[in-house]
Amino acid sequence: MKRIMVINGPNLNMLGEREPQTYGSQTLGEINRAISEKAARLGLSVDFFQSNSEGDIIDKIQSCKGEYDAIILNAGAFTHYSYAIRDAISATGIPVIEVHMSNVYSREDFRHKSVISAVCKGVVCGFGPDSYLMALSYLGEQEV
Ligand code: DQA
C-alpha cells in the first residue's frame, strides 16, 4: 500500500477561523477527515503532520525518507522564502506535491513566488480543500 504523508505548515492549524473568505470554513481536522476517507477509497495509507515551526517541518520531511512514498505539502508562508524546506525536499528525494488552498497568483505579489515548486513533482493551488484531494487522486492513480 502506498504511504502518503500530508504536511501542513504555519497557521494552517487555524483553518476554519482564519480568513474564511480566503480559506473557507472547514477546519484542518475536517479537511484531514475528508483526505482520510478518500485515501481509504483509493487504497492509500495516509498520515498527517502540522507545525508552525520551520525546523519541525524539515525534521518531518527528513524522517519521511524510506517511510513514505510521497508527501503532500502545504508549507504556508514558508513556501515563499524557505530555502531550508526546499533543500530538505531535494535532500530526501521523496516526491512532493505542493498544495495551496487559495489561488496564490490572484493574491499579493509576495505569494506569486514559490521557492519550493522547482523541487516538487507538481503544484495544485486555488481549489480550497479540494487542492489536497486532487493531489491525493494523482497519487492514487499514478506511479510516483
Ligand atoms: C497558503 C498560501 C500561502 O501564501 C499562505 O501563507 C498560507 C496558505 C494556501 O494554502 O493558500 O498560509 O499556502
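Caption draft 1: Molecular detail of the overall build of the protein. Within the protein, the regular secondary structure consists of 5 helices and 5 strands. Each helix (α) and strand (β) of the protein, taken in turn from the N terminus, gives the series β-α-α-β-α-β-α-β-β-α. Here the C-alpha coordinates of the protein stretch approximately 40 × 30 × 25 Å along the principal axes. Residue burial in the protein is summarised as follows: out of 144 residues, 46% are buried. Contacts in the protein between residues at least 24 apart in sequence constitute 77% of all its contacts with a sequence separation of at least 6. Looking at the protein as shown, the accessible area adds up to about 6,900 Å², and 47% of this sits on carbon and sulfur atoms.

Caption draft 2: Spatial organisation of the sheet that holds strand S5 (residues 122-125). Spatially, S2-S1-S3-S4-S5 is the arrangement adopted by the 5 strands of the open sheet, whose pairing is parallel. Lying at the two open borders of the sheet, with one neighbouring strand each, are strand S2 (45-50) and S5. Looking at each pair of strands side by side, their axes are set apart by 20° on average, direction ignored. The pairing of strand S3 (residues 70-74) with strand S4 (residues 96-100) spans 3 bridges and is classified as parallel. Of the residues in S4, the one forming a bridge with Ile72 is Ile97. Helix H2 (residues 28-42) rests against strand S1 (3-8) and S2 of the sheet, and its axis sits at about 165° to S2. Across the sheet, helix H3 (residues 54-63) is in contact with S1, S2 and S3; its angle to S1 comes to roughly 175°.

Caption draft 3: Main features of the nonpolar core. Ile4, Leu15, Ile35, Ile72, Val99, Tyr132 and Leu136 are the most contacted members of the largest nonpolar core, which has 22 residues in total. Elements that contribute at least two residues to this core include exactly S1, H2, S3, S4 and helix H5 (130-141). Counting residues per element, this core draws most heavily on H5, at 5 residues. In contact with Leu136, other than residues within four places in its own chain, are Ile4, Ile35, Lys38, Ala39, Leu42, Leu44 and Ile72.

Caption draft 4: The arrangement of the site of the ligand in detail. Close to the ligand lie Arg18, Tyr23, Asn74, Gly76, Ala77, His80, His100, Met101, Ser102, Val104 and Arg111. With respect to the ligand, the side chain of His80 contributes an N or O atom lying 2.7 Å from an oxygen atom. Within the side chain of Ser102, one N or O atom sits 2.6 Å away from an oxygen atom of the ligand. Among the detected pockets, the ligand sits in the largest cavity. Among the residues making up the shell around the ligand, the classes are represented as 4 nonpolar, 5 polar and 2 charged.

Caption draft 5: A look at the pairing of S3. Of all 5 residues in S3, 5 are buried; the element is thus mostly enclosed. Of the two faces of S3, the one lined by Ala70, Ile72 and Asn74 and the one lined by Ile71 and Leu73 are each fully buried. Bridge count for S1 against S3 is 5 bridges, and the pairing is parallel. Bridged to Ile4 within S3 is Ala70.

Caption draft 6: Inspection of H5 at higher detail. For H5, which comprises 12 residues, the first-to-last C-alpha distance of 16 Å matches the rise-based estimate of 16 Å (1.5 Å per residue) to within 8%. Considering only its buried residues, H5 is in contact with S1, H2, S3, S4 and S5.

Caption draft 7: Focus on the packing of aromatic side chains. Tallying each qualifying case throughout the model produces 1 aromatic pair. Here Phe78 and Tyr81 contribute two aromatic rings whose centre-to-centre distance is 5.9 Å and whose plane-to-plane angle is 70°, an arrangement assigned as edge-to-face.

Cut-offs applied
Residues numbered from 1 in each chain as written. Predicted model: local features only at pLDDT ≥ 70, side-chain atom pairs only at ≥ 80, totals over all residues. Heavy atoms only, no water. Helix = DSSP H or I, 4+ residues; strand = E, 2+ residues; numbered from the N terminus. Buried < 20%, exposed > 50% of the residue type's maximum accessible area, 1.4 Å probe, protein only. Contact = heavy atoms within 4.5 Å. Areas by Shrake-Rupley, 256 points an atom, 1.4 Å probe, with all protein chains shown as cover. Pairing = 2+ DSSP bridges. Axes fitted to C-alpha atoms, helices over the stretch in contact; angles between N-to-C directions. Core = buried A, V, L, I, M, F, W, Y, C linked by side-chain atoms within 4.5 Å. Near = heavy atom within 4 Å. Polar contact = N/O pair within 3.5 Å; in protein donor to acceptor, adjacent residues only side chain to side chain. 1 Å grid on protein atoms, 1.4 Å probe; cavity = no way out; pocket = protein on both sides within 12 Å on 5 of 7 lines; lining within 4 Å. Sits in = over half its atoms within 2 Å of the grid points. Nonpolar A, V, L, I, M, F, W, Y, C, P; charged D, E, K, R; others polar. Expected span 1.5 Å × (residues − 1). Phe/Tyr/Trp six-rings, centres within 6.5 Å; stacked < 30°, edge-to-face > 60°.

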